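# Commentary on secondary and tertiary structure
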Amino acid sequence: MVASSKPSSRLTRGRAKRVFKVGELATSVGSSYVWEALKSPFRSAGKRQQSLLDTHVRNAMRIVESSKELKGAFMKLVQMLSMRDDIVPAEALKILSVVQSQVPPMEYREIRAQVKRELGAHPEQLFREFDQDAFAAASLGQVHRALLKSGEEVVVKVQYPGVDETVQQDLRNIKALLQVFTLIGRDVMRQHIDQTEVYQELEERLHEELDYINEAKNIALFQKMFRDDPEVMIPAVYPEFSSRRVLTMSRLDGYPFADILKPGVDQATKDWVAFKYFRVTWRQIFEFGTLHTDPHPGNYLVTFHPKLAILDFGSIRIFPEDIRKAYHTLADAILRRDRRTMAQCFVRLGYLDPEDDPEPMVKIMDVIFEPVLVDRKYDPRKYDSLEKGMEIASIGFEHRLFKAPGHRVFLGRALIGLDSNLKQLGTVANWHRVFKECVERYGQ
């Protein structure tokens, strides 16, 4: 994520203050929808729809502004909501997604003190060079370029001082805002939103991302997973310059993924990236059962060779072996149109109970996997994610398909990111054959 030029000196701390701010936002957002409901009977259908859309956009802007000040867990929640098209429409999601790239960095003096607390010495004592300006800033920490005394170029990820405290506060108090979005899903979007699922996902991810020792282990795991693939680059960790709140890694150079997605980039390059990213994602799911669940473009580079470099490993989901096998079996059954095996997989994966009718879930799979079902060229830009999401939600709501196993949330995030990135890359190809190759090659 690209850092803003205007620094923010500290996190908003103090439980009472954060409770007030989150509560104030929840009340503001909730009240706006109540007001819309009161005015609705006096408007035409077209005006009601436009007014509701305007309300969504205004509320998205409120959330973005609050998240910039609160940072920490609250910003993580906003980042998560920016990928939930079952809660708010695309126009509002575009505003929420701004949080992914506009995070102001913390003042260097606080980062310097944090390094001293964690590693026992100030950056200028540990490194030959240490860039005081962060080149990337996120909700929980920021990243600085540095040079080891031995000459290696590295990047140093430093967690914001006190973020542990604010995370715990936000986890206790964020439920008020989640309740508002649950009501929005029910009363405005006509969809069931599992508040407990969202909260649990946030809590699990935050605890993982706060532990840089865990992230270092994830990096080692991915190095092992892709050691046979010369087209994938994973950074190396320097344990002697790392701790639970500081992580020093080798610097990987290349083009930011976001730049590759822009118009004007050579289509052949975009096509290489699209195929590679697609295969790497499905290999993680089918073969390893270990998935990088944060598809934000800031977490990837395309090197000059070309190679695909993965940068951030704070959000990794490891599936139990039976879940990995069930997803691989399900994918194979989807391609073969084997409804009986699909039904068995739905139960194994926790989407259905044994006595449930599997046909509604089969319909949902048909919608999700539409781009790869038919043996023909397909333009991913023709897949209307918002429309398809509404269709899936409608089927689920009609048949009361509200079971939400934890692995579904993480897999869904990765696949939403895959869909978004493929759309922007614009690679027209026979995605059926590419997907079939992944199913046949991985997970055996």
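What this report covers is the structure whose coordinates are included nearby. Worth saying up front: this structure is predicted, and the values here are computed from it rather than measured. (Residues numbered from 1 in each chain as written. Predicted model: local features only at pLDDT ≥ 70, side-chain atom pairs only at ≥ 80, totals over all residues. Heavy atoms only, no water.)

### Examining the overall build of the chain
When helices and strands are counted, the chain shows 19 helices and 11 strands. Across the 444 residues that make up the chain, the buried fraction comes to 51%. (Helix = DSSP H or I, 4+ residues; strand = E, 2+ residues; numbered from the N terminus. Buried < 20%, exposed > 50% of the residue type's maximum accessible area, 1.4 Å probe, protein only.)

### Brief notes about the packing of aromatic side chains
Applying the stated rule across the entire model yields 20 aromatic pairs. With a centroid separation of 5.6 Å and 50° between ring planes, the pair formed by Phe257 and Tyr300 is classed as tilted. Linking Phe257 in helix H11 (residues 257-261) with Tyr300 in strand S9 (residues 300-302), this pair joins segments that are 43 residues apart in sequence. Across the pair, Tyr300 and Phe257 agree in class, each one buried. In textbook terms, an aromatic cluster arises when at least three aromatic residues are bridged by ring pairs, as seen for Phe275, Phe278, Trp282, Phe286, Phe369, Trp431 and Phe435. (Phe/Tyr/Trp six-rings, centres within 6.5 Å; stacked < 30°, edge-to-face > 60°.)

### Thoughts on the pairing of strand S4 (residues 153-159)
Of all seven residues making up S4, six are buried, and the element is well covered by its neighbours. As paired strands, strand S3 (residues 141-147) and S4 are joined by seven bridges and run antiparallel to one another. The residue of S4 that forms the bridge with Arg145 is Val155. Counted between consecutive antiparallel strands, the loop separating S3 from S4 contains five residues, among which Gly151 sits at a positive phi close to 105°. Two strands pair when backbone bridges link them, and S4 and strand S6 (residues 246-250) are joined in this way by five bridges, in the antiparallel orientation. From the neighbouring strand, Val156 faces S6, where its bridge partner is Thr248. (Pairing = 2+ DSSP bridges.)

### Some words on the pattern of salt bridges
Considering all chains together, one arrives at 23 salt bridges under this definition. Ionic pairing is found between Arg283 and Asp228, a salt bridge with its closest N-O pair at 3.1 Å. Taken together, the positions of Arg283 in helix H12 (residues 267-288) and Asp228 in the loop between helix H10 (212-225) and strand S5 (232-233) put the pair 55 residues apart, joining distant regions of the chain. Residue classification places Arg283 among the buried residues on the basis of a relative accessible area of 9%. On the basis of relative accessible area, Asp228 is assigned to the exposed category, the value being 53%. Across the salt bridge formed by Glu359 and Arg339, the nearest N and O atoms sit 3.6 Å from each other. (Salt bridge = Lys/Arg side-chain N within 4 Å of Asp/Glu carboxyl O.)

### So, the sheet that holds strand S10 (residues 308-310)
Spatially, S5-S10-S9-S7 is the arrangement adopted by the four strands of the open sheet, whose pairing is mixed. The open sheet has two edge strands, S5 and strand S7 (255-256), and neither has a second partner. Two elements, S7 and S9, share two bridges in a ladder whose sense is antiparallel. Paired with Pro256 across the strands is Leu301, a residue of S9. Most of the contacts of H12 go to S10, to which it runs at about 45°, and overall it touches S5, S9 and S10. (Contact = heavy atoms within 4.5 Å. Axes fitted to C-alpha atoms, helices over the stretch in contact; angles between N-to-C directions.)

### A few points about H10
Its 14 residues place the ends of H10 20 Å apart at the C-alpha level, agreeing with the 20 Å of an ideal helix rising 1.5 Å per residue. Those residues of H10 not exposed but buried are Tyr212, Glu215, Asn218, Ile219, Phe222 and Met225. An end-on view of H10 places all buried positions within 120° of arc, on one side of the element. Opposite its buried face, H10 presents the exposed residues Lys217 and Lys224, each directed more than 90 degrees away. The distance from a side-chain oxygen at the start of H10 to the backbone nitrogen of Ile213 is 3.1 Å, and the residue carrying that oxygen is Asp211. (Expected span 1.5 Å × (residues − 1). Arc of directions from axis to C-beta. Polar contact = N/O pair within 3.5 Å; in protein donor to acceptor, adjacent residues only side chain to side chain.)

### Topic: the environment of His305
On the secondary structure map, His305 appears in the loop between S9 and S10. The class for His305 is exposed, based on a relative accessible area of 57%. In sequence terms His305 and Glu231 are 74 residues apart; their C-alpha atoms lie 8.3 Å from each other. Of the polar contacts made by the side chain of His305, one reaches the side chain of Thr303; its length is 2.8 Å.

### Quick look at the packing of helix H14 (residues 339-348) against helix H15 (residues 359-368)
Interaxial distance between H14 and H15 falls to 10 Å at its minimum, and their mutual angle equals 100°. Relative to H15, the element H14 is oriented roughly perpendicular. Facing H14, whose interface residues are Arg339, Met342 and Phe346, H15 presents Glu359, Met361, Val362, Met365 and Asp366. Across the contact of H14 with H15, the residue classes break down as five nonpolar, no polar and three charged. (Parallel < 35°, antiparallel > 145°, perpendicular 65-115°, else oblique. Nonpolar A, V, L, I, M, F, W, Y, C, P; charged D, E, K, R; others polar.)

### Description of the environment of Gly141
Here Gly141 lies in strand S3. Sequence separation between Gly141 and Glu209 is 68 residues; the distance between their C-alpha atoms is 9.9 Å. Apart from residues no more than four positions distant in its own chain, Gly141 is found in contact with Val158, Gln159, Tyr160 and Tyr212.

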